[in-house]
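# Coordinate analysis (summary)
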Amino acid sequence: MPVLVNHNKCNCAPTCFAANACPNDALHVDKTALRVWVEPEKCGTCPGRCLNFCDAVALKFAPSLVELEIMQKELAGELNADQALEARNKLMEEMKEKAEAERRLEEDESLKPIAVTVNNFKAEVVDSAIPVFIDFWAEWCAPCKQIAPIIDVFAKEYQGRMKFVKINVDEEQMIASQFSIQSIPTMIIMYRGQLADMIVGAVDRAALKNRLDRVLQAVAQFEAQQATPAEASTEQQQPKPQPAKIRPELMRPNINLRNKPPRR
């Protein structure tokens, strides 16, 4: 915690027990001027043991260097009590805004598609209780980067209803091979380990949303049927979501994995 010296109360120079107790060498005694001075930047995360050694209670601490600066100006007479209060209130508002911005950033990061590898594929995809949207992509794929922002938005919009994951085909060639991925971007929606839909190429936002909603509607109908007691005995006959037919008009030129540019 950063500290400062209230020289109106300091009467321990040239001997200062607090300075001797400082583990960060932040407190110093000027024996010529008979003053104790501090380097608050050195205080860091020190628990402030120096305060216990200051008999004159001349040491003051603040939660941050900015608030310490306000305190210094107040002690020096550069700010009166009202001005100091106004400065502290402004500082508190700025800290709240910063904390809120950091919280939103963390929340946005947590809602982005999950990077899936062979190590977490079963946990994130196979064992998922909700449909999983898989985006097969690569760093060198321009259409993949074109559609990525749309997928990020949908990952937030469909939170709790559909999970969004990304699989790098260069790094996870085994998974890409098992799904017979020949070109990217290729997007697959899985539900309970079954293929529910497949989209090949960088479709636009409206077309992709339509495909997502269609799968969710089919899943809702399927789960409703599964929950019906009268039909529980015929569970094996219940229809499962079938892959939607890919309409050619939604397709755009994509990249063939076999002809990808060499890595640099």
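The model shown is predicted, which means the values in this text are computed figures rather than measured ones.

## Considerations on the pattern of salt bridges
Per the stated rule, a full pass over the model turns up 6 salt bridges. Ionic pairing is found between D127 and K122, a salt bridge with its closest N-O pair at 2.9 Å. Here D127 falls in the partly exposed class, since its relative accessible area comes to 46%. The residue K209 makes a salt bridge to D213 at a minimum N-O spacing of 3.9 Å. Taken together, the positions of K209 and D213, both in helix α7 (residues 205-226) and 4 residues apart, correspond to about one turn of that helix.

## Some remarks on the state of the cysteines
Under the defined criterion, the tally for this structure stands at 1 disulfide. Here C141 is linked by a disulfide to C144, with a sulfur-sulfur distance of 2.4 Å. Here C141 and C144 share a disulfide; its torsion about the S-S bond, 80°, makes the bridge right-handed. Here C141 matches C144 in class, with each residue buried.

## Remarks on helix α5 (residues 142-157)
The terminal C-alpha atoms of α5 lie 24 Å apart, and with 16 residues this matches the ideal 22 Å at 1.5 Å per residue to within 8%. Its maximal kink placed at A148, α5 deviates by approximately 35°, while the proline P149 follows within four residues. Among the residues making up α5, those that are buried are P143, C144, I147, A148, I150, I151, F154 and A155.

## Thoughts on the sheet that holds strand β5 (residues 114-115)
Pairing in this open sheet of 5 strands is mixed, and the strands run β5-β7-β6-β9-β10 from one edge to the other. Edge positions in the sheet fall to β5 and β10 (194-200), since each has one partner strand and no second.

## Topic: the nonpolar core
Residues F133, I147, M162, F164, L208 and L212 are the most contacted members of the largest nonpolar core, which totals 23 residues. Sort the elements by how many residues they give to this core and α7 lands first, with 7 residues. Among all residues touching L212, those that are not within four sequence positions of it are F133, F154, Y158, M162, F164 and I189. Counting 20 residues, the second largest nonpolar core, distinct from the first, contains F121, W137, V165 and I184.

## Focus: the pairing of strand β7 (residues 163-168)
The buried fraction of β7 is high, at 6 of 6 residues. Neither face of β7 is exposed, since K163, V165 and I167 on one face and F164, K166 and N168 on the opposite face are all buried. Two strands pair when backbone bridges link them, and β5 and β7 are joined in this way by 2 bridges, in the parallel orientation. Each residue of the ladder has a partner; that of I114, found in β7, is V165. Judged from the 6 bridges that link them, strand β6 (residues 132-137) and β7 form a sheet pairing that is parallel. Residue F136 lies in a different strand from β7, and its bridge partner there is I167.

Criteria and cut-off values
Residues numbered from 1 in each chain as written. Predicted model: local features only at pLDDT ≥ 70, side-chain atom pairs only at ≥ 80, totals over all residues. Heavy atoms only, no water. Salt bridge = Lys/Arg side-chain N within 4 Å of Asp/Glu carboxyl O. Buried < 20%, exposed > 50% of the residue type's maximum accessible area, 1.4 Å probe, protein only. Helix = DSSP H or I, 4+ residues; strand = E, 2+ residues; numbered from the N terminus. Disulfide = S-S within 2.5 Å. Expected span 1.5 Å × (residues − 1). Bend = angle between axes of the 7 residues up to and from the residue. Pairing = 2+ DSSP bridges. Core = buried A, V, L, I, M, F, W, Y, C linked by side-chain atoms within 4.5 Å. Contact = heavy atoms within 4.5 Å.

Shape descriptors only; they carry no functional weight alone.
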